[in-house]
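So you can see what is in the structure, the chains are spelled out below.
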There are 2 protein chains.
Amino acid sequence: MKIAPLSGFPEWLPQDRIVEDRILDALRRTFELHGFSGIETRAVEPLDQLLRKGETSKEIYVLSRLQGGPSQDSEMGLHFDLTVPLARYVLEHAGKLDFPFKRYQMQKVWRGERPQDGRFREFVQADVDVVGEQTLPFHNEVELPLVMVDALSGLPIPRVVVRASNRKIAQGFYEAVGIEDVGETLRIVDKLDKIGPAAVAETLVEKAGTTPQQADLALRLADVSGSDASVADRVRELGQRSDLLEEGLDELVRLVEGANALIPGSVVADLKIARGLDYYTGSVYESVLVGHEDLGSICSGGRYDSLVSDGKRTYPGVGLSIGVSRLVSRLIGKATVSATRKVPTCVLIAVNDEGARAAATATAMKLRRRGIPTDVSPTAAKFGKQIKFADRRGIPFVWFSTDEGEQVKDIRTGEQVEADPDAWVPESSDYFPQLKETK
Amino acid sequence: MKIAPLSGFPEWLPQDRIVEDRILDALRRTFELHGFSGIETRAVEPLDQLLRKGETSKEIYVLSRLQGGPSQDSEMGLHFDLTVPLARYVLEHAGKLDFPFKRYQMQKVWRGERPQDGRFREFVQADVDVVGEQTLPFHNEVELPLVMVDALSGLPIPRVVVRASNRKIAQGFYEAVGIEDVGETLRIVDKLDKIGPAAVAETLVEKAGTTPQQADLALRLADVSGSDASVADRVRELGQRSDLLEEGLDELVRLVEGANALIPGSVVADLKIARGLDYYTGSVYESVLVGHEDLGSICSGGRYDSLVSDGKRTYPGVGLSIGVSRLVSRLIGKATVSATRKVPTCVLIAVNDEGARAAATATAMKLRRRGIPTDVSPTAAKFGKQIKFADRRGIPFVWFSTDEGEQVKDIRTGEQVEADPDAWVPESSDYFPQLKETK
């Protein structure tokens, strides 16, 4: 009997899972260093909440109980991102939260899409958002992408560059040139990298009802990019004027200049960044892994003013989301990163014979108590076989109880020394498996 | 608009989530110190795999795509435990795993049951299992419950005691007294704590087809408990004999004596522990939190010989599972444990005016780089208000840039001292929030 993997539902082998785990650890540590609280939300949301975003409706997995009759369960679906659940969580718990509420969230999400390279049906996202009560100052739009840059720069992975635009620029510009369906225009321009400028121009005329001249101007706007205030000048050279456009340009320049003053090279302005989602109202972000641009954005988000509202109060926010599975899948698939060993174990205690197992286990307990991951050989096989057991898994040390006392062997160098289980320590890099760049 | 919580789907506030998070961290650290590899499996399994266990079929959540036509999706359900997924993972990846395969897994599981105190529809389990290829020596049955005792004893929670029995005892004993439906008898005896001995005796006669005398003997067996070899004698005094029974008694004594020699008081023999599941073939375990026995078992499991088999090879295993959500829900609900503060932040950088925000952020970056969780005040409000912001969240330090230089104030004591952002450090217990027993 052969069990086939389920397409779109990635699973890692133990050694690859270490890569994912260490990346999640590093993200979490950075998020907490920046003062974000970790929360988890339930996997399910009421269907009407999930459908608020409209265009993703076909991707939702709906739940039903195998033997259950009609019940509220059939009105629930698995969340497809962590933003809709955040909005619901904030409204549900608003009275018990302190605002501005800074939260991170690292969970699986599910989309019933056709699986393809880097696109899964089940995947892990890592989100950070700041949500204010009624107001949220602009400086958060400068700081949030830097949290992600900081989080990703501590890892042995290629450099990440954030590309940013501002929804006010697109909206102000489109309105100034007379484009009526701003939402549809944004969604079409969002496909620029995928389908190219000619197809975008054509689709704008066909589906968004623009004139060819309007489509051309939208494309010329999308062509502007840069890392300083000159970006605003180049947009102004396109000859359109509106208060909203000016406000957006001012914010974009403040974002790019503010971010690069704190972390040089972290953020570039790129006006083709549109983001398909309706709810963004200010800065929008995408990010690429340098050298892996074909993977698409691995970290995206933006500012939203009214995603979260209970009718009386609104909770504006800004946030970004890392596609952790997409990132990990690429790192593992291209073997650019790997773990220094396949298991957590640092020391294997050899067992002379089954009668000595309790003593071996007692030695293991002493090492574990001092934070050294230790396993006891599963059988009292010949020492050569026990050493091979360690070697196959990359366990660096084997511990022997000999007539001359306790000894530990570094099987990478062959060096064997006397050792006291209450005192011996490995190099700090040997305690737990580490990540290493492999190319 | 008021959003009601969804019954059976627990969610924690940020400060309570710290409790869950620290418990998961401690479990994970102990599991890795014992050499277990962390894996995650996808949330879904084919329905036929989920239905193999039989009696849980009505609890399964089945997936369908909202707008999808008939497809393989409808043959998938959310996993209701982490054992069935482990069995599938081992078979699917057997060629790439090293045996004995020691894995831990901490994930959410879903059951469409009626929610009640301590029973949820979505909850976190933390499992450890050792899976061998063809064989798995008995000593694993002694070691596995000790991993859980070790993991839980490092936490500021009440003591955990493992209660163990052995499936061979029940099966050998029942067969010796002439009970034919061993599986059904086990499931009924498993309800002893819930429904009491009289109801168990009655149900055994009615549903398992035993005679009243057989039912009485089953209850007398269930009444035996103890912490040493005398347990075996008390069972033998009931006058039944079989090779399987003797094998089970021998294993149970080895388990209790072996475990208590390594960690005194960790495991007691309790022959009423039956476990309802068919697949156990040796030791079975339940565990109670001392003082919270009403909560039921928070950590259960056992030895299984043929759960995992591809027809040619079998992969016997032994494992236990902690009901993390049940544990956390009780700790939070009874307020026995709490976090030392509500947010990760250790230091709040005060902002004199918006023009000084970039400098404040630069100071924050210096502290974060040295591992100190730091937030920057969201507004340049009056200092009193900024200090109140820290106080509400339990942030212990507020950092000021004054005319006399940089200073840091411990707002718990009021002490304010000069400080260098490149050198100042808090007490080690102040870096991140800790858990504390609150009663």
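Residues numbered from 1 in each chain as written. Chains lettered and ligands numbered in written order. Predicted model: local features only at pLDDT ≥ 70, side-chain atom pairs only at ≥ 80, totals over all residues. Heavy atoms only, no water.

Visitor: Describe the relation of the copies chain B and chain A, and please don't skip the residues or the numbers.
Guide: One copy of the chain maps onto the second through a rotation around an axis plus a translation along that axis. Aligned on chain A, chain B shows an RMSD of 0.0 Å; the corresponding rotation is 180 degrees and the shift along the axis is 0.0 Å. With respect to symmetry, the two chain copies, as superposed, fit the operation of a two-fold axis. If distances are taken from each C-alpha of chain B to the rotation axis, the shortest is found for L63 of chain B, at 2.5 Å. When you check the interface residues of chain B against chain A, 100% turn up at the interface there too, and the contact is symmetric in its surfaces. (Least-squares fit on C-alpha atoms with pLDDT ≥ 70 in both. Contact = heavy atoms within 4.5 Å.)

Visitor: Can you tell me about the sheet that holds strand β5 (residues 101-110) of chain A, naming the residues and giving the values?
Guide: Residues and elements named next belong to chain A. The strand order across the open sheet formed by 9 strands is β1-β5-β6-β12-β11-β10-β7-β9-β8, and the pairing between neighbours is mixed. Bordering the open sheet on either side are β1 (37-38) and β8 (225-226), each of which pairs with just one other strand. Here 3 bridges tie strand β7 (residues 160-166) to strand β9 (residues 267-270), and the two strands are oriented parallel to one another. Bridge pairing in β9 places A164 opposite A269. (Pairing = 2+ DSSP bridges. Helix = DSSP H or I, 4+ residues; strand = E, 2+ residues; numbered from the N terminus.)

Visitor: Summarise the UniProt feature "binding site: L-histidine" (unreviewed entry) in chain A; cite the residues concerned and give the values.
Guide: Residues and elements named next belong to chain A. Mapped onto this numbering, the UniProt entry annotates "binding site: L-histidine" (unreviewed entry) at D81, L82, T83, R111, Q125, D129, R275, Y279 and Y280. Checked against the element boundaries, T83 lands in helix α3 (residues 83-93). Excluding residues that lie within four positions of it along the chain, T83 makes contacts with D127, Y279 and L307. As for its position among the elements, Y279 is in the loop between β9 and β10 (280-289). (UniProt positions renumbered as here; feature names shortened; annotations may be inferred.)

Visitor: Which residues make up helix α11 (residues 324-333) of chain B, and what are the values?
Guide: All names here are of chain B. With 9 of 10 residues buried, α11 is to be regarded as a mostly interior element. Taken together, the buried residues of α11 touch α1 (14-33), β6 (122-131), α4 (139-153), β10 (280-289), β12 (317-323) and β13 (337-339). The first or second residue beyond α11 is A335, which carries a positive phi of 55 degrees. (Buried < 20%, exposed > 50% of the residue type's maximum accessible area, 1.4 Å probe, protein only.)

Visitor: Describe the pairing of strand β12 (residues 317-323) of chain A, with residues and values.
Guide: All names here are of chain A. Counting buried residues in β12 gives 7 out of 7 residues, a clear majority hidden from the surface. Bridge analysis of strand β6 (residues 122-131) against β12 gives 7 bridges, and the strand direction is antiparallel. Among the inter-strand pairings, D129 is bridged to a residue of β12, identified as G319. Pairing of strand β11 (residues 299-304) with β12, which is carried by 6 bridges, proceeds in the antiparallel orientation. Looking across to β12, one finds that G302 is bridged to G319.

Visitor: Could you give me a rundown of the interface of chain B and chain A, with the residues and numbers involved?
Guide: On the side of chain A, 93 residues touch chain B, which itself brings 93 residues to the contact. Of all residues in chain B, the largest losses of buried area upon contact with chain A belong to E11, L33 and L66 of chain B, amounting jointly to 9% of the total for that side. For the interface between chain B and chain A, the tally reads 16 salt bridges. On inspection of chain B and its partner chain A, the count reaches 37 residue pairs in polar contact (both at pLDDT 80 or more). Looking at the side of chain B that touches chain A, the element that brings in the most residues is α1 of chain B, giving 9 residues. Residues that form the side of chain B that touches chain A fall into these classes: 44 nonpolar, 18 polar and 31 charged. Relative to strand β3 (residues 61-65) of chain B, strand β3 (residues 61-65) of chain A runs antiparallel, the two sharing 5 bridges. Across the sheet, residue Y61 of chain A finds its bridge partner in β3 of chain B, namely R65 of chain B. (Buried area = accessible area lost by both parts, 1.4 Å probe. Salt bridge = Lys/Arg side-chain N within 4 Å of Asp/Glu carboxyl O. Polar contact = N/O pair within 3.5 Å; in protein donor to acceptor, adjacent residues only side chain to side chain. Nonpolar A, V, L, I, M, F, W, Y, C, P; charged D, E, K, R; others polar.)

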